[in-house]
Amino acid sequence: MTVTIVVGTQWGDEGKGKITDLLSSDMDMVVRYQGGNNAGHTVVIGNKVFKLHLIPSGVFYNNVSCVIGNGVVIDPAVLLEEIESLKSNGHSVNNLKISSQAHVIFPYHKDLDAAQEKKHEEGRIGTTCRGIGPCYVDKYSRRGIRISDLYNQKVLRQRLEWNLNEKSFLLNNFYGTKIKYDIEEIINGYIGYSHAIKKYVIEDSSYLLSEAVSNRKNILMEGAQGTMLDVDHGTYPYVTSSSPISGGACTGAGLSPKAIDEILGVVKAYVTRVGGGPFPTEIKGSEGDKLREIGHEYGATTGRPRRCGWFDGVVMRHSAKINGLTQLVVTKLDVLDSFDTIKVCIAYKYKGKEMKEFPSDIYKLEECEPVYIELPGWKQDLSKVKDFKELPVNAVKYLDKLAEIAGCRISMISVGPERSQIIRV
Ligand code: IMP
């Protein structure tokens, strides 16, 4: 039995979808514990490309239970769309389980997300505008509506009335929109969704997890986004509103910390970021464009071009420490195939002083300059390499450097989007 947490170690989009999909074949249960449909996991099976936003990647295996934990925020329309698309492609979703404690995204969450982004032109976070942040705000201000509330019409109406009054006032009087909500329409729509998802709803994901742990099952906790987008440990305020780090798996699904065996950090061989916020190793200009084009670095959820940069060792150290990584999986190594030399940031320089720790204050971070070492490229196509021994010596040296910085072993290397393009170490 093993309980493994998969986390993104950078700003998301590290390729966790492919890795969780690969690991899922040996799992009994795969669990999402935070975020919502701001995430976009791409899984390539044969000539089909699947983009999952809410449903755990384990859904492609019939014997794997796929759990959406209490820490996730759910847009039921998106969830149903995903369920239908999987079904129409011949994939069963019978093993899907949704915690009744998960919070629900309503139209006013999306409207607030968009209005806030528009209003705060300067310092815009660059959210996915899926209503994720406003939904978590309601959760923590104890005004949220949970999946279980959709089955209690009195509570649903009461909570919606309160929320619609407050949100309409805010949207129209502060954010200057002219939005009108029809409570009956919303209630009817969401009751419709609640019927459609009823067969998947479970009371509490913590019961399922503790039972699975007691029965010595293999469990995979699938983090969305990445460590640097963590609301506490990331580049606040340019972060998401949940805890993508390994600790988030305990609160976001009701997993006992004592049950955790492995914490696997997924790291891209270079770095990308979507949205605003500091990014010390960002490459501006043609080299950055080259990385974006070779790596197809466009958002799986929004299609936005991702900002690209060199591997950041300071971020890696921070991530390894916060998450307690036990293994590293390096993805997209093949994207670096054509570079003559590859830079690795090993420290930051701040006011003339070298620092190895990630600064918690982003205003300090904005003034940090990356300190690079330069490693020779391998100038060879890695996309067909299956065995670690076949890797060119310069690729091995590059990987050794990443592992040394992270302070943990590399267990897998991904060299392309297909399930088969993986080197197990
Ligand atoms: P939100 O999660 O939509 O509120 O967006 C907050 C920040 O997190 C923005 O910079 C988004 O671009 C970023 N973000 C959210 N989800 C993802 C993801 O799955 N991958 C990468 N960035 C993300």
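The structure reproduced in this document is the subject of the present report. (Residues numbered from 1 in each chain as written. Predicted model: local features only at pLDDT ≥ 70, side-chain atom pairs only at ≥ 80, totals over all residues. Heavy atoms only, no water.)

Structural notes on unusual backbone geometry
For the bond from Y236 to P237, the omega torsion is 10 degrees, close enough to zero to count as cis. On the secondary structure map, P237 appears in the loop between β10 (219-222) and α8 (248-253). Non-glycine residue C129 carries a positive phi angle of around 60 degrees. With respect to the helices and strands, C129 occurs in the loop between α3 (107-119) and α4 (132-140). The exposure class of C129 is partly exposed, given its relative accessible area of 30%. The backbone of K379 sits at a positive phi, close to 45 degrees, despite the residue not being glycine. The topology assignment puts K379 in the loop between β18 (369-376) and α12 (393-406). (Helix = DSSP H or I, 4+ residues; strand = E, 2+ residues; numbered from the N terminus. Buried < 20%, exposed > 50% of the residue type's maximum accessible area, 1.4 Å probe, protein only.)

Considerations on α12
In this model, α12 (14 residues) spans 20 Å end to end at C-alpha, consistent with the 20 Å of a helix rising 1.5 Å per residue. Inspection of α12 places N394, A395, V396, Y398, L399, L402, A403, I405 and A406 among the buried residues, and these make up the whole buried set. The inward-facing, buried residues of α12 abut β14 (311-312), α10 (313-323), β15 (327-331), β16 (341-350), β18 and β19 (410-414). (Expected span 1.5 Å × (residues − 1). Contact = heavy atoms within 4.5 Å.)

Notes on the site of the ligand
Among the 15 residues in the neighbourhood of the ligand, the closest are listed as D13, N38, T128, T240 and R304. G126 is positioned such that a nitrogen or oxygen atom in its backbone is 3.3 Å from an oxygen atom of the ligand. Between the ligand and the protein, one listed contact pairs an oxygen atom with a side-chain N or O atom of T128 at 2.6 Å. Relative to its unbound accessible surface of 460 Å², the ligand loses 96% to contact with the protein. The residue makeup of the shell around the ligand, split by class, is six nonpolar, seven polar and two charged. (Near = heavy atom within 4 Å. Polar contact = N/O pair within 3.5 Å; in protein donor to acceptor, adjacent residues only side chain to side chain. Areas by Shrake-Rupley, 256 points an atom, 1.4 Å probe, with all protein chains shown as cover. Nonpolar A, V, L, I, M, F, W, Y, C, P; charged D, E, K, R; others polar.)

A few points about the packing of aromatic side chains
Throughout the structure, instances matching the rule amount to 10 aromatic pairs. Between the aromatic rings of Y108 and Y181, the centroid separation amounts to 6.3 Å while the plane-to-plane angle is 80 degrees, which identifies the pairing as edge-to-face. Of this pair, Y108 sits in helix α3 while Y181 sits in the loop between α5 (153-174) and α6 (183-197), and the two are 73 residues apart along the sequence. Neither residue differs from the other here; Y108 and Y181 are each classed as buried. Pairing Y190 with Y193 gives two aromatic rings, centres 5.0 Å apart and planes at 80 degrees, and the pair type is edge-to-face. Here the residue Y190 and the residue Y193 both occupy positions in helix α6, the gap between them amounting to three residues, near one helical turn. Residue class for Y190 comes out buried when judged on its relative accessible area of 5%. Using a relative accessible area of 25% as the deciding quantity, one classes Y193 as partly exposed. (Phe/Tyr/Trp six-rings, centres within 6.5 Å; stacked < 30°, edge-to-face > 60°.)

Focus on the sheet that holds β19
Here we have 10 strands laid out as an open sheet, ordered β9-β7-β5-β2-β10-β1-β11-β15-β19-β20, and mixed in their pairing. What marks the edges here is a single partner per strand, and that holds for β9 (201-202) and β20 (422-424). Looking at chain direction, strand β2 (residues 29-32) and strand β5 (residues 65-68) are connected through four bridges and run parallel. Residue pairing for β5: R32 is matched across the bridge by I68. Set on the sheet, helix α1 (residues 16-24) makes contact with β1 (3-8), β2, β10, β11 (262-268), β15, β19 and β20; between it and β1 the angle comes to about 165 degrees. Against the sheet, α12 makes contact with β15 and β19, and its axis sits at roughly 140 degrees relative to β15, the strand it touches most. (Pairing = 2+ DSSP bridges. Axes fitted to C-alpha atoms, helices over the stretch in contact; angles between N-to-C directions.)

Side note on the environment of F50
Secondary-structure assignment places F50 in strand β4 (residues 48-52). On the basis of relative accessibility, which here comes to 7%, the residue F50 falls in the buried class. Separated by 233 residues in the primary sequence, F50 and I283 place their C-alpha atoms 30 Å from one another. With residues near it in sequence (within four places) discarded, F50 still touches H41, T42, V43, I45, F60, L86, N89 and H91.

Re the pattern of salt bridges
Think of it this way: side chains of opposite charge can pair up when their charged atoms draw near. Under the defined criterion, the tally for this structure stands at 18 salt bridges. Close ionic contact of K379 with D340 constitutes a salt bridge, the shortest N to O distance being 2.6 Å. A residue pair is termed long-range when its members are at least 10 positions apart, and K379 in the loop between β18 and α12 and D340 in the loop between β15 and β16 qualify at 39 residues. A relative accessible area of 54% means that D340 is categorised as exposed. The salt bridge partner of K351 is E367, with a shortest N-O separation of 3.5 Å. Of this pair, K351 sits in the loop between β16 and β17 (353-355) while E367 sits in the loop between α11 (362-365) and β18; the two residues are 16 residues apart in sequence, bridging distant segments of the chain. Judged by its relative accessible area of 64%, K351 is exposed. Here the residues in one salt-bridge network are D13, K268, E297, R306 and K332, joined through shared partners. (Salt bridge = Lys/Arg side-chain N within 4 Å of Asp/Glu carboxyl O.)

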